[in-house]
Amino acid sequence: MDILRFITAGSVDDGKSTLIGRLLYDSKSIMIDQLEAIEKQTKNREDGEIDLALLTDGLRAEREQGITIDVAYKYFATPKRKFIIADAPGHIQYTRNMVTGASNSDLIIILIDARNGVAEQTRRHSIIASLLNMPRVIVAINKMDLVGFSQDIYNNIVIEYADLAKALGLEDVTYIPISALNGDNIVEKSTALSWYEGESLLHLLETVEVEKAINLHKARFPVQYVIRPQTEALHDYRGYAGKVISGIYKKGDAVTILPSGATSVISAIETDGGKQADEVFAPQAAVIHLQDDIDVSRGDVIVLNNDLPKTEKEIEVLLCWMDNKPLIPGNKYLLQINSTRVRSVVKDIEYRLDVNSLEKKFGPEQAGLNDIVKAVIKTAQPVVYDSYKSLRANGGVILIDETSNVTVGACMIQ
Amino acid sequence: MSVHHLDYLDELESESIHIFREVAGQFEKPALLFSGGKDSIVLVHLALKAFRPGKFPFPLVHIDTGHNFPEALQFRDQLAESIGEKLVVRLVEDTIKTKKLTEQKGKFASRNQLQTYTLLDTIEEFGFDACIGGARRDEEKARAKERIFSVRDEFGQWDPKKQRPELWNTYNGKINKGENVRVFPISNWTELDVWNYIRREKIALPSIYFAHEREVLEYEGQYVAVSEYIRIDDTDVIVNKKVRYRTVGDMTCTAAVASNAVTLDDIITEIIATKTSERGETRIDDKVSEAAMEDRKKNGYF
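Basis of the calculations
- Residues numbered from 1 in each chain as written.
- Chains lettered and ligands numbered in written order.
- Predicted model: local features only at pLDDT ≥ 70, side-chain atom pairs only at ≥ 80, totals over all residues.
- Helix = DSSP H or I, 4+ residues; strand = E, 2+ residues; numbered from the N terminus.
- Rg over C-alpha atoms; globule rule 2.2 N^0.38 Å.
- Buried ≥ 20, exposed ≤ 12 C-beta atoms within 10 Å, placed from the backbone.
- Contact = placed C-beta atoms within 7 Å.
- Core = buried A, V, L, I, M, F, W, Y, C linked by C-beta atoms within 7 Å.
- Pairing = 2+ DSSP bridges.
- Axes fitted to C-alpha atoms, helices over the stretch in contact; angles between N-to-C directions.
- Domains from an automatic or database assignment.
- Nonpolar A, V, L, I, M, F, W, Y, C, P; charged D, E, K, R; others polar.

1. A short note on the overall build of chain B
Helix and strand counts for chain B come out as 9 helices and 10 strands. By the compact-globule yardstick of 19 Å for 302 residues, chain B fits well, its C-alpha radius of gyration being 19 Å. The principal-axis extent of the C-alpha atoms belonging to chain B is close to 55 × 55 × 40 Å. Considering chain B as a whole, with its 302 residues, one finds that 53% of them fall into the buried category. Long-range pairs, those at least 24 residues apart, make up 76% of the contacts in chain B between residues at least 6 apart in sequence.

Right under this line is the structure:
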C-alpha cells in the first residue's frame, strides 16, 4: 500500500465537490454523523438536496458565502492505496491556493463540463498544472448524463484538449467520461458508457504509477539538524539529520557538501532512531555520518559526486505572487529552499504570464496577487538547486517578507 | 524499482520526522504537548526516531485540567520517566484559583475552554515559540484547513483568513517575538493510520483504550464514565458496561464506546467497521455548534 496525493481542479459548477463527495462516500470515508450534520444544514436550503460541498467547506465564512476560500485536505483509502486530496478553489482569484495544493500533489484531475467543453478555466488549470510540472493529468469529462452519454461529444472534447496538452507539454494525460452526480465511471464502470474502454476513475487512481515522480538518480540530502548528544558514551557522535529528498545514499559513498564544496565519505547511515542501515532512499528520513570532521550545519546539502546540483547566487524563476502588497523589482525577501534560508533581492521582472492565454506581457512594473511572472532573483549566499523541471523536490523556493514574516511568493526555478 | 518503494506508513513517518526536525532547526524554545492520549504518544515515538541518540530539543508539556483519566496520567508519567525526557505539568486548577476564572456549570461542566488560559500562561512562562501537537486534519473540518505550521498571534488566536501558503515540504516558521507556531506533524494521518502505526511499531497505550468494565451513565446515546467531575441526577441510569475509549480527553467530555476489543487487531477491525467519526462518537464538546472547533481555535485552542 502506498500514498497518492492529488488535486482536483474545476469550479463548483463543474461538479468538483460532488466528485470529491462521491469518492469519499463510495469509499465509505464519510461517517453517519458527518452526513447528519450536513443534512441538518441543508434543511435550511430551498431545494432540500444534500450539498456535498459542505463536507469540504470547513470554515464558517465559506459556508456562509457558499465558496471555497482555502485548500482543504481530505483523506480516503482503499485496500490498495491511501489518498490525500488537496481540494483547492478554482476561481482565478484563488490561483495561489491552486498553486499551493498542486505543489504537494502527484496528480491532477481536471474536470470539464461535457456541455461546455474546454473552457477558459480549463485552460488556466492546465497551464498551472504545466507550470508546476504535475507528473500526471487525468481529464475527467463530467456530466455525461446531461449530454445523453454521447461518445461524439466526448471524443470532440478529447481532441480539443489534446491540442492544449500538446501546446503545454503535458505528456501524461488520461481521459475519462464520468457523471459524478450519478456515480458513472467513478467506482464501477458505467453501463451507460459502455463505449468507453478504459477503467473507472477510482481504478485509475488506484493503479496509476507514482514512482516516476521520485527521482532515484540525483541524490539530495538537505541537512535539517545536527544531532550531538555530547554524553560521555557518545562523545564523538555527530550525526546530520535530514530527509533524502531525492536519490539513494549508501554507506561508503563519496559525497560533496554544498555550497562549501568540501568532500568526504559516508561512514554510517542511521534510520529509525539510531538503527544502522546500509542505504537510504527518497523520501526516507535519516541520519548521515561522515568520515571527516568538517563543518556541516543546517542549510547545507549533502550530495553524491555525480550529477551535482547547481550552486549559484542568481536564479531565474517563474514566480506566483501570493501577497496583497505588490512585488516591485528591488524588493528584498528571505528566500527558502528546503531547509536553507538566505537573503535575496528580486532584480528584474521579465514578463507576466497571462494564465488564461499563456501570452507573455513583457516589462511589467510590478506583480500583483495571483500573478505569475518570470523574474530574476539575486541571493546573498549561493543557493544549491536543480531546475524545477528536472527535480521538483529541489527546484521550488518560497519568498518570505521579512517585515511581516508571511510567505509571499512561490518560485519554480528555471 | 520496487526495492526503492516505501510503504504508506513509512512515508507518513518520514514526513512527520521531517516536520519534527524542521521545528528543531527553526525554533529556539519548542515544546511537545503531551497528554497521554494515543496521538501524542505517537508523537513521542516519532520524536524518539527523529532525535535519538540525542535528547529531545524540547520538554514534554501537559496542561492538566484536573479532569483527566487517572490511567492516562499514570501512563504519561511513566513514559516520560522511561525515556528520560523532561515533563512539565501545569494545572488548570491553579489558573482558576489565581485568575479567579469562572468554571462552567451543568451536568458535564467542562474545563476544555479554560485550559486555553493555562496553555497561554505556560507558553508565556517558558517563552515557547513552537508547540507541537497531535491534531489531525481528518478529525474535524476546521482542522482540515489548518496548516502544518500554524501561526498564532500573542493571544494564541488562529486566523484562518491569514494563513500562510504552505508549499512543497517547505515550512515557514518565522515569527515575531510573542507569537508562536502550533505544529502538527501528523496532520496527514487518519485515525486508522494512527492505529495501524501503533500496531506495527508495537507502541504501548494506556489501558483505557482497550475494552474494560466500567460504570457509565447513558446520556443521549453516549456512555460517559461515572466520576466525581460530572453531576449524577436521580433520573440517570447507571450501568456496568464493557467499553473502550476511542479518544482520550477529559472525563467530563469524552464518551466511551461499547466494545469487546481487547487487542490492537480487535480495535482496528472495529474502526474499519464503524459508521461514526472519531470525534462524533466520543466528544461531547464538539456538538455545541457547527463551528465549535473553529471558534475554539480562534481563541487559542489547539
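2. Observations regarding the nonpolar core
Membership of the largest hydrophobic core comes to 190 residues, with the highest contact counts inside it found for A:I108, A:I288 and B:L32. With 8 residues, the single largest contributor to this core is helix α2 (residues 38-51) of chain B. Apart from the residues within four sequence positions on either side, A:I108 is in contact with A:F6, A:I7, A:A9, A:A102, A:A129, A:M134 and A:V137.

3. Thoughts on the environment of A:A241
With respect to the element layout, A:A241 can be found in strand β8 (residues 239-243). Spatially, the C-alpha atoms of A:A241 and A:A286 are 5.9 Å apart, while their sequence positions differ by 45 residues. Sequence-distant contacts of A:A241, defined by excluding residues within four places in its chain, comprise A:Q224, A:Y225, A:I227, A:V287 and B:R21.

4. A closer look at helix α6 (residues 191-201) of chain B
Since the α-helix advances by 3.6 residues per turn, residues separated by three or four positions end up pointing in the same direction. All names here are of chain B. Buried within α6 we find E191, D193, V194, W195, Y197 and I198. Buried residues along α6 sit in contact with α1 (8-26), α2, α7 (264-273) and α8 (278-282). Backbone geometry just downstream of α6 places K202 in the positive-phi region, at approximately 55°.

5. Some remarks on the pairing of strand β5 (residues 149-152) of chain B
Every other side chain in a regular strand lies on the same face of the sheet, so the side chains alternate between the two faces. Residue and element names in this part refer to chain B. Burial along β5 is two-sided: F149 and V151 facing one way and S150 and R152 facing the other are all buried. Two elements, β5 and strand β6 (residues 180-183), share 4 bridges in a ladder whose sense is antiparallel. Among the inter-strand pairings, R152 is bridged to a residue of β6, identified as N180.

6. Focus on the environment of A:I372
All names here are of chain A. Tracing the backbone shows I372 in strand β20 (residues 372-385). Overall, I372 belongs to the buried group, with 22 C-beta atoms counted inside 10 Å. Along the chain, I372 and D278 lie 94 residues apart, while their C-alpha atoms are 44 Å from each other. Aside from chain neighbours lying at most four places away, what touches I372 is L131, L318, L319, C320, L353 and V355.

7. Quick notes on the sheet that holds strand β6 (residues 173-177) of chain A
Residue and element names in this part refer to chain A. Read across the sheet, 6 strands follow the order β2-β3-β1-β4-β5-β6 without closing on themselves; strand pairing throughout is mixed. Because the sheet does not close on itself, it has two edges, and the strands there are β2 (72-77) and β6. Sheet twist, expressed as the mean angle between neighbouring strand axes with direction ignored, is 25°. The strands that helix α6 (residues 120-131) touches are β1 (2-9), β4 (107-113) and β5 (136-142); relative to β4, the one it contacts most, it runs at about 170°.

8. Quick look at the domain arrangement of chain A
All names here are of chain A. Taken domain by domain, chain A consists of domain 1 (2-213), domain 2 (220-304) and domain 3 (310-413). Between domain 1 and domain 3, the residue contacts involve 14 residues of the former and 14 residues of the latter. At the level of secondary structure, the elements contributing two or more residues to the side of domain 1 that touches domain 3 comprise α5 (95-103) and α6. Within the side of domain 1 that touches domain 3, the residues separate by chemical class into 6 nonpolar, 4 polar and 4 charged.

9. Regarding the interface of chain A and chain B
With 54 residues of chain A at the contact, the number on the chain B side is 48 residues. In terms of residue class, the side of chain A that touches chain B is made up of 25 nonpolar, 17 polar and 12 charged.

10. Observations regarding the domain arrangement of chain B
All names here are of chain B. For chain B, the assigned domains are domain 1 (2-192 + 291-298) and domain 2 (205-286). Its C-alpha centre places domain 1 at a distance of 24 Å from the equivalent point of domain 2. Each partner contributes to the interface: domain 1 provides 23 residues, whereas domain 2 provides 22 residues. Where the side of domain 1 that touches domain 2 is concerned, the elements lending two or more residues are α2, α3 (70-83), α6 and α9 (292-298). In terms of residue count, α3 provides more of the side of domain 1 that touches domain 2 than any other element does, 3 residues in total.

11. Concerning the pairing of strand β1 (residues 30-33) of chain B
Residue and element names in this part refer to chain B. A two-sided burial pattern is seen for β1, the buried positions comprising P30 and L32 on one face and A31 and L33 on the other. In the sheet, β1 pairs with strand β4 (residues 130-132) via 3 bridges, with the strands oriented parallel. Across the sheet, P30 pairs through a bridge with A130, a residue of β4. Across 2 bridges, β1 lies against strand β2 (residues 60-64) in parallel orientation. Note on β2: the bridge partner recorded for L32 is L60.

12. Brief notes about the sheet that holds strand β9 (residues 238-244) of chain B
All names here are of chain B. The strand order around the closed barrel formed by 4 strands is β7-β8-β10-β9, and the pairing between neighbours is antiparallel. Across this sheet, the average inter-strand angle for adjacent strands is 65°, counted without regard to direction. Pairing between strand β7 (residues 212-219) and β9: 6 bridges, direction antiparallel. Counted as the bridge partner of E213 is K242 from β9.

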